[in-house]
There are 2 protein chains.
Amino acid sequence: MSLPHAILTALLEKPSSGLELTRRFDKSIGYFWSATHQQIYRELGKLERDGAIRALPRQGVTRGQKKEYEVLPAGRDELARWTAASQDPKPLRDTLLLRLRAAAVVGTAGVQEDLHRHLVLHQRQLAEYEEIEKRDFPPGKDAVEDRLRHVVLRAGIDLETFWTQWLTRTIEELEAP
Amino acid sequence: MSLPHAILTALLEKPSSGLELTRRFDKSIGYFWSATHQQIYRELGKLERDGAIRALPRQGVTRGQKKEYEVLPAGRDELARWTAASQDPKPLRDTLLLRLRAAAVVGTAGVQEDLHRHLVLHQRQLAEYEEIEKRDFPPGKDAVEDRLRHVVLRAGIDLETFWTQWLTRTIEELEAP
DNA sequence: CGGAACATGTAACCTGTTACATGATTTC
DNA sequence: GAAATCATGTAACAGGTTACATGTTCCG
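Cut-offs applied
Residues numbered from 1 in each chain as written. Chains lettered and ligands numbered in written order. Predicted model: local features only at pLDDT ≥ 70, side-chain atom pairs only at ≥ 80, totals over all residues. Heavy atoms only, no water. Least-squares fit on C-alpha atoms with pLDDT ≥ 70 in both. Contact = heavy atoms within 4.5 Å. Buried area = accessible area lost by both parts, 1.4 Å probe. Salt bridge = Lys/Arg side-chain N within 4 Å of Asp/Glu carboxyl O. Polar contact = N/O pair within 3.5 Å; in protein donor to acceptor, adjacent residues only side chain to side chain. Helix = DSSP H or I, 4+ residues; strand = E, 2+ residues; numbered from the N terminus. Nonpolar A, V, L, I, M, F, W, Y, C, P; charged D, E, K, R; others polar. Near = heavy atom within 4 Å. Phe/Tyr/Trp six-rings, centres within 6.5 Å; stacked < 30°, edge-to-face > 60°. Buried < 20%, exposed > 50% of the residue type's maximum accessible area, 1.4 Å probe, protein only. Pairing = 2+ DSSP bridges. Axes fitted to C-alpha atoms, helices over the stretch in contact; angles between N-to-C directions.

**Side note on the relation of the copies chain B and chain A**
Here is step 1 of the chain: When chain B is fitted onto chain A, the two copies agree to an RMSD of 0.0 Å after a turn of 180° and an axial shift of 0.0 Å. Between the two chains, the operation in question is that of a two-fold axis. Taking C-alpha positions as reference, the residue of chain B nearest the rotation axis is F162 of chain B, located at 3.6 Å.

**Notes on the interface of chain B and chain A**
Here is step 1 of the chain: Of the residues lining the interface, 67 residues belong to chain B; the matching set on chain A comes to 67 residues.
Here is step 2 of the chain: Regarding the contact of chain B and chain A, the summed buried area is about 6500 Å², with carbon and sulfur atoms giving 65% of it.
Here is step 3 of the chain: At the junction of chain B and chain A, the tally comes to 4 salt bridges.
Here is step 4 of the chain: A salt bridge links E13 of chain B to R101 of chain A, with the shortest nitrogen-to-oxygen separation between them at 2.8 Å.
Here is step 5 of the chain: Viewed at the interface, chain A and chain B are joined by 30 residue pairs in polar contact (both at pLDDT 80 or more).
Here is step 6 of the chain: Listing elements by their share of the side of chain B that touches chain A, those giving two or more residues are α1 (3-13), α4 (73-84), α5 (95-106), α6 (111-136) and α7 (144-175) of chain B.
Here is step 7 of the chain: Considering each element in turn, the side of chain B that touches chain A owes the most residues, 16 residues, to α7 of chain B.
Here is step 8 of the chain: Residues that form the side of chain B that touches chain A fall into these classes: 36 nonpolar, 15 polar and 16 charged.

**A word on the protein's contact with DNA strand D**
Here is step 1 of the chain: In the vicinity of DNA strand D, 22 residues are found, and the nearest of them are L19, Y41, K67 and R93 of chain A together with R42 of chain B.
Here is step 2 of the chain: The sugar-phosphate share of atoms of DNA strand D within 4 Å of the protein amounts to 60%.
Here is step 3 of the chain: Q38 of chain B is positioned such that a nitrogen or oxygen atom in its side chain is 2.8 Å from a base nitrogen of DNA strand D.
Here is step 4 of the chain: Looking at the surface near DNA strand D, the elements with two or more residues in it are α2 (18-24) and α3 (37-49) of chain A together with α3 (37-49) of chain B.
Here is step 5 of the chain: Ranked by the residues each element gives to the surface near DNA strand D, the list is headed by α3 of chain B, at 4 residues.
Here is step 6 of the chain: Looking at the surface near DNA strand D, its residues break down into 4 nonpolar, 10 polar and 8 charged.

**A few points about the environment of S86 of chain A**
Here is step 1 of the chain: For S86 of chain A, the position within the fold is in the loop between α4 (73-84) and α5 (95-106).
Here is step 2 of the chain: If near-sequence neighbours (up to four positions away) are discounted, S86 of chain A is found in contact with R99, D114 and R117 of chain B.
Here is step 3 of the chain: Polar side-chain contacts of S86 of chain A include one of 3.1 Å to the side chain of D114 of chain B.

**A few points about the protein's contact with DNA strand C**
Here is step 1 of the chain: Near DNA strand C there are 22 residues, and of these R42 of chain A together with L19, Y41, K67 and R93 of chain B occur at the shortest range.
Here is step 2 of the chain: Atoms of DNA strand C within 4 Å of the protein: sugar and phosphate make up 60%, bases the balance.
Here is step 3 of the chain: In this structure, Q38 of chain A approaches DNA strand C through a side-chain N or O atom, which is 2.8 Å from a base nitrogen.
Here is step 4 of the chain: H37 of chain B places a polar side-chain atom, nitrogen or oxygen, 2.8 Å from a base oxygen of DNA strand C.
Here is step 5 of the chain: Of all the elements in the fold, those that place two or more residues in the surface near DNA strand C are α3 of chain A together with α2 (18-24) and α3 of chain B.
Here is step 6 of the chain: Take the surface near DNA strand C: its biggest share by element is 4 residues, from α3 of chain A.
Here is step 7 of the chain: Of the residues assigned to the surface near DNA strand C, the class counts are 5 nonpolar, 10 polar and 7 charged.

**Overview of the packing of aromatic side chains**
Residue and element names in this part refer to chain A.
Here is step 1 of the chain: As enumerated under the stated definition, the model contains 6 aromatic pairs over all chains in all.
Here is step 2 of the chain: When the ring of Y31 is compared with that of Y129, the centres are 5.1 Å apart and the planes differ by 80°; the resulting orientation is edge-to-face. Of this pair, Y31 sits in the loop between α2 and α3 while Y129 sits in helix α6 (residues 111-136), and the two are 98 residues apart along the sequence.
Here is step 3 of the chain: With a relative accessible area of 19%, Y31 lands in the buried category.
Here is step 4 of the chain: One aromatic cluster in this structure is built from F162, W163 and W166.

**Thoughts on the sheet that holds strand β2 (residues 53-55) of chain A**
Two pairing modes exist for strands in a sheet, parallel and antiparallel, and in both the strands are linked by backbone hydrogen bonds.
All names here are of chain A.
Here is step 1 of the chain: Taken in spatial order, the 3 strands line up as β1-β3-β2 in an open sheet, and their pairing is antiparallel. Strand pairing shows two members of the sheet lacking a second neighbour, β1 (16-17) and β2, which therefore form its edges.
Here is step 2 of the chain: Relative to strand β3 (residues 68-71), β1 runs antiparallel, the two being bridged by 2 bridges. Of the residues in β3, the one forming a bridge with S17 is E68.
Here is step 3 of the chain: Where helix α1 (residues 3-13) meets the sheet, its contacts fall on β1, β2 and β3, and the angle it forms with β3 comes to roughly 100°.

**So, the pattern of salt bridges**
Here is step 1 of the chain: Applying the stated criterion to the full structure yields 24 salt bridges over all chains.
Here is step 2 of the chain: In this structure, a network of salt bridges that share partners links the residues E13, R24 and R149 of chain A together with R101 of chain B.

**Description of unusual backbone geometry**
Here is step 1 of the chain: Even without a glycine there, the phi angle at S28 of chain A is positive, about 25°.
Here is step 2 of the chain: When its relative accessible area of 26% is taken as the criterion, S28 of chain A is described as partly exposed.

Read these as spatial facts, not as claims about activity.
Structure representation (structure tokens):
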């Protein structure tokens, strides 16, 4: 039950069409809540039926024509309610860790190469986040909204840092005699 | 497509019944791949139909009677194949981060209390993992299988460490003047 | 014998993924 | 006018969640 809220947040930040949202879910919002265009169109339909958002008046056909949405008061209220409600952290689910555990019973063939590959991917993501931090959060910006967006980015940076460190250490550990 | 492989791993570590598996998915394996008993029974049925596992002979009724499963060669082969195959890391999906981003548009009401609550939960989980490390991985155990299981536990410890640090810092940051 | 704990399952639903379909606009 | 790109969708399926159903064993 979070995709609708991710969409409401994105639309409040800036009214958009389905495709524009899809693009934004490949960056920004997508860094901590990813979604494909199929999911987004389906959810936009539901949100519109429920009166949480509305399409900006733009007479004409449905197919092939850009359709911009904006959030209605009911949608904003629902987002505020959801944001304030307490939620438990979700238990971890990670295939790489599962594969290492499986490797303890069926052998490490293939896993080690993938550790290297993941290390590179996480290093790249880390570099990208650090670039964004430098660009969007220069020292001195400290309105509450900026601080909130900054701590979220910080979580991304710290997580990628964790992965690169853990992977480096794990690769050494498994290659040791 | 990972639940069957999690179950195969668990069954190779030790043949078990559905309920025993459910219990083990609340600890151990469940620390990085959780599953409910409904999922487990459904998946056991599929794995048995596919010839990956079999129920140990135990004549009698089906309902209410314990049914132990063991992995067949086909199941072990499939697990080895899956473990060796390269897989991309899944993009992050975290509701707490999404809520903070939403809070930048609808206000921080309610979120701050939840940050405190999550901090306590992550501290508890961290303590539990450290307890397990002390108990199960005393210095000197270094067969490959032990090393593999140890690095997985290490990932859990490092992740919980990340969360506690990030939450502490974030709480300070948001409570600052 | 009645209730708690053990044990296995079914059904309905929601979310996410994959593959495909279709129309509109721009560009060469 | 053909191809690329923009833009919105449909359908089928896979996986996860929630609620419920049912039988067995143990213990007081």
